[in-house]
Structures are given as C-alpha cells and as structure tokens.
Amino acid sequence: MANTTMAMTTMAANNTDNSTVYTLYNYKCSNKGILLPVINEFTWSDSTRAALYFIAMLWCFLGVSIIADIFMCAIERITSKTTKVRIPDDGMPEGYREINVKVWNDTVANLSLLALGTSAPEILLSVIEVVGNNFVAGELGPSTIVGSASFNLLVISAICISCIPEGEVRKMKYLKVFGVTSFSCVFAYVWLAIVLIGISPNRVELWEAIITLLFFPALILVAYLADRDCCMKKEDLDASGMVGISLQDRKDPEEAMALESKTSGDASLMNLAKELGHEAREDGVPEDEAAKMAAAKIAENQSHGRMWYRINATRGISGGKRLVPHVLTSFQGIYNNIRLPEEERKSPKDVDHSEGGQKAVIEFTSATVSVLESEKRVRVGIRRYGNLDKPVTVRVETINGTAVAPEDYIPYNEDVKFAAKEQLEQIFIEIVDDNEWEPDEFFFVKLIRFDDDVHDAALGNVSICQVTIINDDEPGKLEFAKPTIIATDCNRRVRIPVQRVNGADGHVSVKWETKDITAISGKDFQGGSGELLFDHGETNRTIDISILDSMKPERDESFQVELTVCDGGAVLGKISKCIVTIVSDEEFNGLVSRIFNLTKANLDYLQLEESTWVGQFRQAMNVNGGEIEEATFVDYILHFLTFFWKVLFAILPPPKYWNGWPAFVLSLAAIGFMTAIIGDLAGIFGCLIDLPDSITAITFVALGTSVPDTFASKHAAVNEKTADSSVGNVNGSNSVNVFLGIGLPWTIAAIYWMAKTGDDFRVPAGSLAFTVIIYTIAAILAILFLILRRSLGFFGNAELGGPKIPKYISSIFFVSLWVIYVLLSSLQATGKISFNL
C-alpha cells in the first residue's frame, strides 16, 4: 500500500511543478471549485482533466440556455397578467365598456424580472462566487459580467451590421432610448472604476456597495417616470425599448389597434389563406404545408421583442420547438414568392422547368404571332435557357386551325438544332398570298419532342404558338371574343379579351366602360373606364378588371363591360358588350377554409410555452418539439446533446400553473445551481491550463453565456424593420448587469464583513479595474461610431447595413476593439504589462 501511494505521489509530482507536492487528497486544482470535483481525480492526467472539464462546461452552457428558456416563459406569463377595467362609454347599454389592462407596467417588467431572464447566469455566477468563497472577492463573476458586456456590444454589433441583406439598412427608431441606455451603460462602468481605484482603492465600503445596488431601482424609477410622461413626452420614450429584454412586441399605435381587432386579424389571415389556396390548387401544395407557410409568414412579419428572439435562438441551438414553422425545401420557392410584395411576385405559372439550371428549357419566344398576308412568310422565335452547355435538338411541326395547309400556308415539320451556348433560333413559315378576300385565319406551331437520348432538356411554358394570318387591307373591327365570361370569386381579377378582326392596318383604339347590374362597382369589383390601343398588325388586347373580396357565403352577381367609340378607322364588331358574372367557387372556398383553420391551429401551437406536463415531456423528448418531418441532421445532433437537460427540466411545473410563479422560482433555483457548476468547471479548467480566472471569464465564460444573445440579435437585425431589438437595447442590459450583478454580491459581502469584523469588503482592483477601463474606452468608441454611421451617407445613414464595403469595414472595426480588449486584459492579467494608478 505504501508503495502504491508513493507511486501515485511520484506520478502526480512528475506532472506538476517540482516545487509543489501533491497528495492523494490535495492535488492540482482540487480545492478550486465549490461543488467540484465530486470524485477523486488524482490519477488523471492534467490534459485529460482539462479536456473533460472543457467539454462539460460547453454541455452545461446548453443546459443553462434551456432552463433560461423556461425561466423567460414563466416571466412572460407573470408580466402578461391582465385585469378588467371599466371605462365610461355612452354608446354601450350599461354605460361603460370593459377592457383588459396589464397589471405590470412594461418598463418595470423589462428592467426587473426580464433583466433576470437574459442575465441570470452572469448575475448568479457573481453572487454564488462571493458566497461560496466565504465572502471573499473572486475574479470569475465580475470579469464575466464585463467580458459579456464587451462581447455583446462589440462582437454582436459587428455581426448585426454585416448580416443585413445587401441594399438594406436598419435604423434606431427610439433615439432618446438609445441615448439614455448608452449613458447608463458608460456611467455604470465609470462608477465601477471610481469605486475600485478612486474613492477607496482595493476596498468596497458598505455605502458604495449599497449605492451601486440602488442604482438598479433608480434606473427602474427613472424609466417609469419617463413612461408616465413625467419627464418627457411619452412618444419620445417608449418603455418597451428601455433594455434589450422587451416583453411585448413593439408596435405603432395604429398597428396595435388593428391587432386588437379580431375581425381585422381574421380578414388578413383569410386573404393570406386565399392566396395560398391558389398555390395549393395550381402547384399541388398540400393543405398542411400551405397552412405552415401562412403561419410562418405571419410569425415573420410580426414585430417581436428581444425575449422572443432569444427563446427562438435557444430552441434553435438545442433542436427544440421553433417559434416559426419550418417550410420544406421543396416548397421554399413558393414561400419566398409569397413573402415578396404583391407587385414583385411571380405568377404561379412561372415554374422553373430548368430545375435550378440543371436542364435546358426550350420554348417559343411568344405565345402568339401575327403576320400580314402580303408579307408572305412569318418568323417564329425559339429560345433556350437553363443549361446551355450541351447541344439540343427539338422537333417543330405546324397544325391546322382555320388556316389550312397548303392553301393558306406551307406546312413545316423539321428539327431545330441548338449548338452549345446557343440561346436563340428562329424558323420561317411560308404564307400563301392570294388575291381573294378572306377573314383572319390562324394555325399553330408546336414543339413536340427531343431526341430519344436527351434526358436533360424540357419544354417550357410556351410550347405552342398561334400564328394569325391577317387580311391587311382594312383597319378591322374591334369586338369582344365572347359575349359572356364567368369569373370565380377566388380570382383577384378577370381578363376580358378584345380582338381585332377582318383587318389590322394602322393604329386604332377603342374606349370602354363598366356598368353595374347586380354587382356594385367599388364593392364587388373595381369598375371604371379606359381606352385600348392597337398597334399596326396587333390583333389581341385584354381589359383587366379587379374582383374584390366579399364575405358573402355565395355569390352570383353580374356587371357589364361595353365598347363605345372606335378611332383610327376601325369600327365596332358584332360583340360590343360582354357580361361578366361573378360566382362562388365552392371547392376553392372549402380549401381556403381548411387552410385558414389549419393556420390558426399552427399559430396556437407556436405559443411560447406548453400548458401541461404531458406537453412539456412530449416536446422535450422529440426533436423539434415533435415536428419530426422538418428536422435536419443537425437538429438530431443538437437534440441528442441536450436530451438530458430537456427531460430533466420538463419536471418543472408549466408556466400556465399559478400564473407562472412556481416555474419562475424553481427555474431560477435551477439556473443558480447550473451557474455554480459552470463556475466550478470554468475555474478548474482555467487552473488546469494555468489561465487566470479573469481571462477565463472574459473569453470562455462570457462567450458561452452570450451565444443565445448572438443568434437572437442576428435574427432580430434581419427580420425587424429597426435596429432597436438587435443592438439598440444591448446597452441597457449591460448597465443592469453591473447594478444588479455586481451591486448585489458587493452589498452581501460588505454587510457580512462589517458585521463580522467591522472592516470593509476587500476587492483587489488589479485585473478588474483594468478591464473595466479598457471596456469603457471601447464602449465610448463603439457608441460614437454607431452615431457616425447614422450621420454619414458613406455608411448608408443607418446603424446597421448599408453599402457592402463600408459595413464590412464597420464590423472589422468593432471586432478589432474586442480583440484589443481581450488582448490587453490578458497581457495585464498575466503580468506582461503593468497597471498602476
């Protein structure tokens, strides 16, 4: 036994400094943690221990992100509580009207409970470190707060600036909010420097600690007074923008009023359902996928607060339930189309036959061609697009219409060859010019087949071309193609064809106007009047009339379109009036109704929290919360890595119970325990690789706690119309972290030492003061640079986005500030540079 102990002691001594003697129960970094290590690691090599502690630290970062998700859902439930209030209303029979009013003021909620939601790990780490070290100051907690603030302001801002799509910008909407939070952020760290190296160097007196903590409720009070219109106009300071943890979606008053109206919301959703109903009918999109696209568009178009983006980001990095439905890749093109403004959307018929450029697509350049009989031949263009690398041959033939071969034209039945890289070919068909007068006649030209061995080519939309042979001696007659047209109410517009017959000589025109019958202009359709112009040789035009949505279950309404006066020598033909009848499409209406109901069900499913324990466990045990068909390989990997944490924390009561308070208290306790574990893991890992706690804190720990915020800010920057939810609110969060995350442990420790010894709380300024000063300088430069970006057209006159090169220059500048901050802090912590004041 003695030999074994000696060998183990020798083994440990060989792996360590020769001046340090370790024993079985006192080995390297064994006394570094509060809770760890839980087993004896004496026989493990330092490299193995360091690797395991690092992996465990990353895994615990995932765990604390998941419990923080539950914590914020509980906060949302608590702060969204409403009560009914009666207000006078002479228009109501009772003489009053009941409205729902939130119990919590948004400003107070944002700066108190929601501050814990986004910063609980950093704040609790600082508190636990002081209490766990017998009220002796440590470097890990405070340095993590400063390091996290540096990463949030500098690196996250850099990402948000460069991730904006090219040609777009994002501006701060609430400039006074940004000014107030920027001042409080800088002031918080200046105050820290004053306390550490100015008033009482290396000591924190009780009054200093209490004032630091009281700055937190003072900030809440100032914000509340501003919100109550005591200090400035309310429209100049929006409460929901005070910090980066907005509870409710920020909306303009008009938007809020619209969203309060269920009828208006349902009407908007019904219009979207109709739009996707067309896609479902014409492109074969399944109803459930159409409903997912509708829900995804609604979720993306809404303005969301930072809390929503953080929860969604956390679920994204853990393979959890998304707050925006995932659209399958096969329908991504259709979804991208409906996300565009209506005037920019492609027609549903614009199908990509090239399959992403893999196939060559052959089609006519025009669906109709007209030729004067005296020209004796007609040119028909054929184009190719998509894959142009290989030669392609297509067969072309003519088909009789009212024009008959060979009396009216010479038949054509030949191959047309496209060489490699060739995009356009043309064929000529002979027209028989006789001396007899005939009405206008037509025939067809058709693309029929490729060579048998061609499998990487396809016909396009225009595979048949109608050729009209025009009697060129008269200006012609103008008339409708048919006297009646049936239009279903599922269509947004009806096209009424007007044709020019028995001549096409010269430029002519005809005026038209609509007349109500049973359909009312402005209510059922968009009526009016206009004029159609026909160029020389042109034979077909259309009148487009918009059909308006109606809430009627059945429709059978008519209106009339009449051709009135011709010009240019043309005369009216036989059909000068056309009756348009609008009827209901029962099949389509049923399809729309099903999509509407499925979309509402999807929106209900996208609520932040589950309402039952069963729902929580089902969501925890399934990838993507149960949406397995949408899961990717990465989702399965992330779900596997976080499965233990998901199932463990599903034990907590759902936020629905008792207004969210049990979930709030228990999840806060869980975050505290997880934070203690992370603190031990980080401290022992740094000890094993001989890295000071301050460096470990500003790098590994700060980055680990900021990962959800990074993804949340990036998505907010891209999806929101302003920069407030992405970078505008970072400053407020940073100041709250100082006042609460450093003020609270300082106050606890100062009270302890004052009561026990009558002395002050000892806090060595050293690395902490230095990092605070470097960060403050970097923060001032970063804020000034954001102001400069808004002021100069070179940057696009906006905080985020703008021209490509300037926005990348901005991002490099911000990242460089962070690198300099980390580099200087590390050099000072390791003694490479000195800091004396």
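For clarity, every value in this text was computed on a predicted model and none was experimentally measured. (Residues numbered from 1 in each chain as written. Predicted model: local features only at pLDDT ≥ 70, side-chain atom pairs only at ≥ 80, totals over all residues. Heavy atoms only, no water.)

> Account for the overall build of the protein chain, with residues named and values stated.
Secondary structure summary: the protein chain contains 22 helices and 24 strands in total. Counting all 837 residues of the protein chain, 49% fall into the buried class. A separation threshold of at least 6 residues defines the contact pool for the protein chain, and within that pool the share at least 24 residues apart is 75%. Taken as a whole, the protein chain presents about 38800 Å² of accessible surface, with 58% of it coming from carbon and sulfur. (Helix = DSSP H or I, 4+ residues; strand = E, 2+ residues; numbered from the N terminus. Buried < 20%, exposed > 50% of the residue type's maximum accessible area, 1.4 Å probe, protein only. Contact = heavy atoms within 4.5 Å. Areas by Shrake-Rupley, 256 points an atom, 1.4 Å probe, with all protein chains shown as cover.)

> Got a sec to walk through the sheet that holds strand β12 (residues 457-459)? Specific residues and values, please.
Pairing in this open sheet of four strands is mixed, and the strands run β10-β7-β5-β12 from one edge to the other. Two strands close off the open sheet at either side, each with one partner strand: β10 (424-430) and β12. This sheet shows a mean twist of 25° between the axes of neighbouring strands, independent of strand direction. Across five bridges, the pairing between strand β5 (residues 360-364) and strand β7 (residues 377-386) is antiparallel. By the bridge assignment for β7, I362 is matched with R384. (Pairing = 2+ DSSP bridges. Axes fitted to C-alpha atoms, helices over the stretch in contact; angles between N-to-C directions.)

> So what's going on with the pattern of salt bridges? Residues and values would help.
According to the stated counting rule, one finds 16 salt bridges in the structure shown. Residue R203 pairs with E205 through a salt bridge whose shortest N-O separation is 3.8 Å. With a relative accessible area of 24%, R203 lands in the partly exposed category. Connected through shared salt-bridge partners, K28, D46 and D690 make up one network. (Salt bridge = Lys/Arg side-chain N within 4 Å of Asp/Glu carboxyl O.)

> Could you give me a rundown of the sheet that holds strand β18 (residues 529-534), with the residues and numbers involved?
Spatially, the five strands line up as an open sheet ordered β15-β22-β20-β17-β18, and their pairing is mixed. The sheet is open, and its two borders are formed by β15 (484-488) and β18, each paired with just one other strand. Strand-to-strand twist across the sheet, computed as the mean angle between neighbouring axes with direction ignored, equals 25°. One ladder, built from seven bridges, connects strand β20 (residues 556-567) with strand β22 (residues 577-583); its direction is antiparallel. The residue of β22 that forms the bridge with V561 is C578.

> Tell me what's going on with the pairing of strand β16 (residues 493-501), and back it up with residues and numbers.
Each regular strand carries side chains that alternate between the two faces of the sheet. Bridge count between strand β14 (residues 477-480) and β16: four bridges; the pairing is antiparallel. Looking across to β16, one finds that L478 is bridged to R500. Bridge count for β16 against strand β19 (residues 540-546) is seven bridges, and the pairing is antiparallel. If you follow P497 over to β19, its bridge partner there is T542.

> Please provide a residue-by-residue account of the side chain of R789, values included.
For R789, the location among the structural elements is in helix α21 (residues 766-791). Although buried, R789 forms no salt bridge, and the nearest oppositely charged side chain, E799, lies 7.1 Å from it. Among the polar contacts listed, one links the side chain of R789 to the backbone oxygen of E799, at a separation of 2.7 Å. A polar atom in the side chain of R789 sits 2.6 Å from the backbone oxygen of G801. Sequence-distant contacts of R789, that is, excluding residues within four places in its chain, are made with I161, F795, N797, A798, E799, L800, G801, P806, K807 and S810. (Lys, Arg positive; Asp, Glu negative; His and termini not counted. Polar contact = N/O pair within 3.5 Å; in protein donor to acceptor, adjacent residues only side chain to side chain.)

> Describe the nonpolar core, listing the residues and the values that go with them.
Core analysis: the biggest nonpolar cluster contains 67 residues, and L154, Y189, W746, Y775, L800, F814 and Y821 have the highest contact counts within it. Counting 38 residues, the second-largest nonpolar core is a separate cluster that includes I66, L652, A663 and I684. (Core = buried A, V, L, I, M, F, W, Y, C linked by side-chain atoms within 4.5 Å.)

> Talk me through the environment of L388; I want residue IDs and the actual numbers.
For L388, the position within the fold is in the loop between β7 and β8 (392-399). Since its relative accessible area comes to 17%, L388 is described here as buried. Sequence separation of L388 and F418 is 30 residues, and the distance between their C-alpha atoms is 9.1 Å. What L388 contacts, discounting residues up to four positions off in sequence, is A420, K421, E422 and Q423.

> Go over a nonpolar patch on the surface with me, naming the residues and quoting the values.
Side chains of F633, V634, I637, F640 and L641 sit close together on the surface and give an oily, nonpolar patch of about 560 Å² of accessible area. The topology assignment puts I637 in helix α15 (residues 633-649). (Patch = residues over 30% accessible without salt bridge, like charges linked within 9 Å, V, L, I, M, F, W, Y side chains within 5 Å.)

> Tell me about the packing of aromatic side chains, and please be specific about residues and values.
If you walk through the whole model with that rule in mind, you get 28 aromatic pairs. When the ring of W661 is compared with that of F664, the centres are 5.5 Å apart and the planes differ by 80°; the resulting orientation is edge-to-face. Taken together, the residues span about one helical turn, with W661 and F664 both in helix α16 (residues 661-688) at a distance of three residues. Judged by its relative accessible area of 8%, F664 is buried. Counting every residue linked through ring pairs, the aromatic cluster contains F183, F187, W191, F215 and F739. Stacked on the ring of F428, the Lys or Arg R377 has its end atom at 4.0 Å from the ring centre. (Phe/Tyr/Trp six-rings, centres within 6.5 Å; stacked < 30°, edge-to-face > 60°. Lys NZ or Arg CZ within 6 Å of the ring centre and 35° of its normal.)

> Account for the packing of helix α2 (residues 46-79) against α15, naming residues and giving values.
Contact geometry for α2 and α15: axes closest at 9 Å, N-to-C directions at 35°. Between α2 and α15 lies a crossing whose hand is right-handed. Facing W59, C60, L62, G63, I66, I67 and I70 of α2, the residues of α15 in contact are L641, T642, F644, W645, K646 and F649. (Left-handed = near helix turned anticlockwise from the far one by under 90°.)

> How would you explain the environment of K376 if you had to name every residue and give the values?
Within the fold, K376 resides in the loop between β6 (368-372) and β7. Taking the C-alpha atoms as reference points, K376 and I469, separated by 93 residues in sequence, lie 9.8 Å from one another. Those residues in contact with K376 that lie beyond four places of it in its chain are I429, E430, I431 and D433.

> So, the packing of helix α5 (residues 140-163) against helix α22 (residues 804-829): which residues are in play, and what are the values?
The relative placement of two packed helices is expressed as an angle between their axes plus a distance between the axes. Relative orientation of the contacting elements α5 and α22 amounts to 165°, with a least axis distance of 7 Å. Relative to α22, α5 is oriented roughly antiparallel. Viewed along their axes, α5 and α22 form a crossing whose handedness is left-handed. For the pair formed by α5 and α22, the contact residues are V146, G147, S150, F151, L153, L154, V155, S157, A158, I161 and S162 on the first element and K807, Y808, S810, S811, F814, V815, L817, W818 and Y821 on the second. Taken together, the residues of the contact of α5 with α22 break down into 13 nonpolar, six polar and one charged. (Parallel < 35°, antiparallel > 145°, perpendicular 65-115°, else oblique. Nonpolar A, V, L, I, M, F, W, Y, C, P; charged D, E, K, R; others polar.)

> So, α15: which residues are in play, and what are the values?
Between its terminal C-alpha atoms α15 stretches 24 Å, which fits the 24 Å expected from 17 residues at 1.5 Å a residue. Largest kink in α15: about 60°, centred on T642. Along α15, the positions that sit buried rather than exposed are D635, L638, H639, T642, W645, K646 and F649. (Expected span 1.5 Å × (residues − 1). Bend = angle between axes of the 7 residues up to and from the residue.)

> Please set out unusual backbone geometry residue by residue, giving values where relevant.
For the bond from L36 to P37, the omega torsion is 0°, close enough to zero to count as cis. Along the chain, P37 turns up in the loop between α1 (2-14) and α2. Residue P406 is reached from A405 by a cis peptide bond, and omega for that bond is 5°. By the secondary structure assignment, P406 is in the loop between β8 and β9 (413-418). Its identity as a non-glycine residue notwithstanding, K421 has a phi of 75°, on the positive side. Structurally, K421 is set in the loop between β9 and β10. The phi dihedral of W658 falls on the positive side, at around 50°, and the residue is not glycine. Relative to the helices and strands, W658 resides in the loop between α15 and α16. The exposure class of W658 is exposed, given its relative accessible area of 65%.

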